[in-house]
Amino acid sequence: MSDTPVQTSATVLTVRQVQDYHAITLVAAAIAERFRPGQFVALAVGGAHSGRLVRRCFGVYEVKSDYGGTVELVFADTEPGTAWLAGLRSRDQVDLVGPLGRPFRLPRDPVTCLLVGGGPGGAALFALADTLLRRGCQVHFVLGGPNARQVFGSRMAQRIGDSATITTEDGSAGEKGAVRDVLPRVIRETGADVVYGCGPTALLRSVTQVAGEFGLPSQVSVEEFLQRTGACGIGVCMTCMLPLHGEDGVTRMVRACADGPVLRGDRVRWGDLGTIPFDALGAPRVLNVQEGAGK
Amino acid sequence: MSTSGRVATRIGTLELANPVMTASGCGGTGRELAPFFDLSRLGAFVTTSVMAQARAGRPTPRVAETPSGLLTAMGLPGPGIETFLEHELPWLLEQDVPIIVSVAGNSVEEYADIARRLRGVPGVAAIEVNVACPNVADRGLMFGRHPGAAASVVRAVRTHSRPGLPVLAKLAPDVTDIVTIALACVDAGADGLTLINTLEGMAIDPETLRPALTGVSGACRGPPSARSRSAASTRCTRPCPARRSSASAGSPPAWTRWSSSSRGRPPSRSAPPCSTTRPPRPACCASWRRPSPPAASPTSPTRSGSPTNPPGTSRPRCARSRRPPNRARPEK
Ligand SMILES: Cc1cc2nc3c(=O)[nH]c(=O)nc-3n(C[C@H](O)[C@H](O)[C@H](O)COP(=O)(O)OP(=O)(O)OC[C@H]3O[C@@H](n4cnc5c(N)ncnc54)[C@H](O)[C@@H]3O)c2cc1C
Ligand SMILES: Cc1cc2nc3c(=O)[nH]c(=O)nc-3n(C[C@H](O)[C@H](O)[C@H](O)COP(=O)(O)O)c2cc1C
Ligand code: FES
């Protein structure tokens, strides 16, 4: 087994609708064998002659050993590229690169873990949960979304987790409210030692904040940010940059795909996402009059 | 590495085993590409343009997908020459492939400074001068838009780099007459020309009515297939200005390129079926700037025999008018 990513033409096994999302299973033995929880794959969409050049990056919901090795991804059909994916049929081919990015760091001891997810991003937590359970960790879920159809995997979480707390904004499943509202209570009740997160940026920000208040380490996957900004997934295009506060106190712009997608929550400058903070390494300096006139 | 064989290529004194090179900025630091193929199979690896200081580049979003290709506005992010020499170049030089260092700057002195820093580095096969950078001393006007300015940076690099080291000038396409600029660069000491840097373009988000990129306009790059598909519908038959210019510059760079970057696919997959008779790039993916004011454009736009189209002549109007109503329109 090697940890270098591969590019392969994968055969579609199934595409099915799950709640408000789509789940696609692809036969990709080399990727399934190398995959570690938290890593993602980058798909080319639109076919060989498409003008849609941006690769779509998705976390992996599950890898299985059937057919030599399959990977299953969960995504929301939000734009023409994902609509194309949702329209694929069995036996179609997809150009797939993976597994990419840094995985979730795993605790050495069997500790209590809280896994917090939102929207389709919650899917990536299940592969992590499997690994943690195998290591004897306790796994508690908190999953949230706007409504019951947009909380991915609530039943699965109840089945495999030691506990599962569901929140929806409209109260159609679980508790009415946001993930943030229940997090302090769940952390207290479960006695969590570490918090993992995957989902929308706002959710990750509150996960990090609440974990910080309890003095817990947080590992978050910025997969959703990568989906919005990234183009290659392998670290060459520099489109997925986000500001990260380094050990040495210097903020650097790092690549969500290659330096992430799993990052220490407390290192990410959440408030500055989408900007180049003025104190980041290489940020545009205050322009003098001569420079300012030009650009 | 053998330079014999039918695909061996020579650019000035630079000898390459084959004509396939990465496009600058599309191969990252090289480490990102290495898992996918053996770098030593390339004719040469061209680095991302390196500047004097570390640069964070532009805020996100830096990329916008359009039906005519990918728009990007990076702002030349990079670690700066110091970190580049310390952490990136040594690894590249260990690979069994010629390394061409692409240099960029905001002033003639910056180009000269980088060339001086590279002078002492053994193993660099050539320098590529990216002239598509704003010149701070000239109100941010791109060096590559002006023959004199383009020549001055090429000359600066030529003067300060190791004698005999091949220098390539990478030209910017959005100019009135690329031939004049190419000739000026050759006169200034360029051993070869790299054609071409990306074309300017702009996309508007139809919902926010704001530019899709933080950098407002960006560089259009994309699948020849997607572009020629839209070009084909307009039946453009003019020869490609860039192609011709390389011929008239006397030393056509005899290599092809592929950017592995964002598409990450081999070029064959996106090559149009009729690539030999590929029509010129349609205007729908690039913004055609109004002709620059006369002061800033010393070359006559109507030079006879010039391959560039004088504004207002019979250039076919591309798919613009057939564009579906909610698609982003190019900047005028
Ligand atoms: C992420 C990224 C980072 C980059 N960073 C840098 C950098 O740091 N420094 C730097 O110097 N450059 C940089 N570039 C520019 C890059 O090096 C290339 O110059 C640029 O992408 C164009 O090359 P290409 O292979 O994409 O297109 P090419 O295939 O070379 O084509 C260029 C244009 O010419 C058109 N064309 C090609 N052949 C024909 C023909 N026969 N007839 C008519 N039209 C034709 C194409 O449609 C296209 O519009 C970067 C590009 C990217 C994508
Ligand atoms: C297909 C097309 C090609 C063009 N090519 C050039 C060109 O090569 N150089 C240039 O300076 N302007 C070019 N232009 C810009 C036009 O000359 C003109 O300035 C612009 O379209 C504005 O005129 P209009 O409002 O009547 O369309 C082009 C425009 C189109 C639509
Ligand atoms: S997506 Fe290309 S560098 Fe991250």
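Residues numbered from 1 in each chain as written. Chains lettered and ligands numbered in written order. Predicted model: local features only at pLDDT ≥ 70, side-chain atom pairs only at ≥ 80, totals over all residues. Heavy atoms only, no water.

By the naming in an unreviewed UniProt entry, chain A goes by Dihydroorotate dehydrogenase electron transfer subunit and is assigned to Actinomadura yumaensis. Under the UniProt heading Cofactor (unreviewed entry), the entry covering chain A gives this text: "[2Fe-2S] cluster". The record held by UniProt for chain A lists under Sequence similarities (unreviewed entry) the comment "Belongs to the PyrK family." (UniProt positions renumbered as here; feature names shortened; annotations may be inferred.)

(A) Just the overall build of chain A, in detail. Of the regular secondary structure elements, chain A holds eight helices and 15 strands. What you see for chain A is a C-alpha radius of gyration of 19 Å, in line with the 19 Å of a compact globule of 295 residues. In terms of its C-alpha atoms, chain A occupies a principal-axis envelope of roughly 65 × 55 × 40 Å. A burial count over chain A gives 56% of its 295 residues as buried. A separation of at least 24 residues holds for 64% of the contacts in chain A among residues at least 6 apart in sequence. For chain A, the exposed surface amounts to about 12200 Å²; the carbon and sulfur share of it is 49%. (Helix = DSSP H or I, 4+ residues; strand = E, 2+ residues; numbered from the N terminus. Rg over C-alpha atoms; globule rule 2.2 N^0.38 Å. Buried < 20%, exposed > 50% of the residue type's maximum accessible area, 1.4 Å probe, protein only. Contact = heavy atoms within 4.5 Å. Areas by Shrake-Rupley, 256 points an atom, 1.4 Å probe, with all protein chains shown as cover.)

(B) A look at the pairing of strand S12 (residues 218–221) of chain A. Residue and element names in this part refer to chain A. Alternating residues of S12 divide into Ser 218 and Val 220 and Gln 219 and Ser 221, and every residue in both groups is buried. Pairing geometry for strand S11 (residues 194–198) and S12, over four bridges, is parallel. Note that in S12 the partner of Gly 197 across the bridge is Val 220. Each parallel crossover has a hand, and the one from S11 via helix H6 (residues 201–213) to S12 is right-handed. Summarising the sheet, S12 and strand S15 (residues 262–264) pair through three bridges and their orientation is antiparallel. Residue Gln 219 lies in a different strand from S15, and its bridge partner there is Arg 264. (Pairing = 2+ DSSP bridges. Right-handed = clockwise from strand over helix to strand, strands pointing away.)

(C) A look at the confidence of the model for chain B. Residues and elements named next belong to chain B. In the predicted model, chain B carries a mean pLDDT of 70, and the fraction of residues at 70 or more is 64%. Within the model, pLDDT remains below 50 along residues 224–332, and this stretch shows 188 contacts once partners closer than five positions in the same chain are excluded. This complex was scored by the predictor with a pTM of 0.73 and an ipTM of 0.84. (pLDDT = per-residue confidence, 0-100.)

(D) Up close: helix H1 (residues 81–94) of chain B. Residues and elements named next belong to chain B. Given a rise of 1.5 Å per residue, 14 residues ought to cover 20 Å, and the 18 Å separating the end C-alpha atoms of H1 matches this to within 8%. Most pronounced at Glu 88, the bend in H1 amounts to some 40 degrees, and the proline Pro 90 follows within four residues. Taken as a whole, H1 has its buried residues at Ile 81, Phe 84, Glu 88, Leu 89, Trp 91 and Leu 92. (Expected span 1.5 Å × (residues − 1). Bend = angle between axes of the 7 residues up to and from the residue.)

(E) Inspection of the sheet that holds S11 of chain A at higher detail. Residue and element names in this part refer to chain A. Ordered in space as S10-S9-S8-S7-S11-S12-S15, the seven strands form an open sheet in which the pairing is mixed. Single-partner strands in this sheet number two, and they are strand S10 (175–176) and S15. Across the face of the sheet, H6 comes into contact with strand S7 (112–118), S11 and S12 while running at roughly 175 degrees to S12. (Axes fitted to C-alpha atoms, helices over the stretch in contact; angles between N-to-C directions.)

(F) Geometry of the sheet that holds strand S3 (residues 40–43) of chain A. Residues and elements named next belong to chain A. Taking strand neighbours around the barrel as the criterion, the six strands line up as S1-S2-S5-S4-S3-S6 in a closed arrangement whose pairing is antiparallel. Shown here is a sheet whose adjacent strand axes are inclined to one another by a mean of 45 degrees, direction ignored. With seven bridges joining them, strand S1 (residues 6–18) and strand S2 (residues 21–27) adopt antiparallel strand pairing. For Thr 14, the partnering residue across the bridge sits in S2 and is Thr 25.

(G) Quick look at the state of the cysteines. The full count for this structure, using the stated rule, is zero disulfides over all chains. No disulfide involves Cys 198 of chain A; its sulfur sits 13 Å from that of Cys 57 of chain A, the nearest cysteine. (Disulfide = S-S within 2.5 Å.)

(H) Quick look at unusual backbone geometry. Following Gly 98 of chain A, the chain continues into Pro 99 of chain A via a peptide bond in cis, with omega recorded as -10 degrees. With respect to the helices and strands, the residue Pro 99 of chain A is situated in strand S6 (residues 93–100). Note that the residue after Thr 60 of chain B, namely Pro 61 of chain B, is joined by a cis bond; omega there is 0 degrees. The phi angle at Leu 76 of chain B is positive, at roughly 45 degrees, despite the residue not being glycine. Along the chain, Leu 76 of chain B falls in the loop between strand S6 (69–72) and H1.

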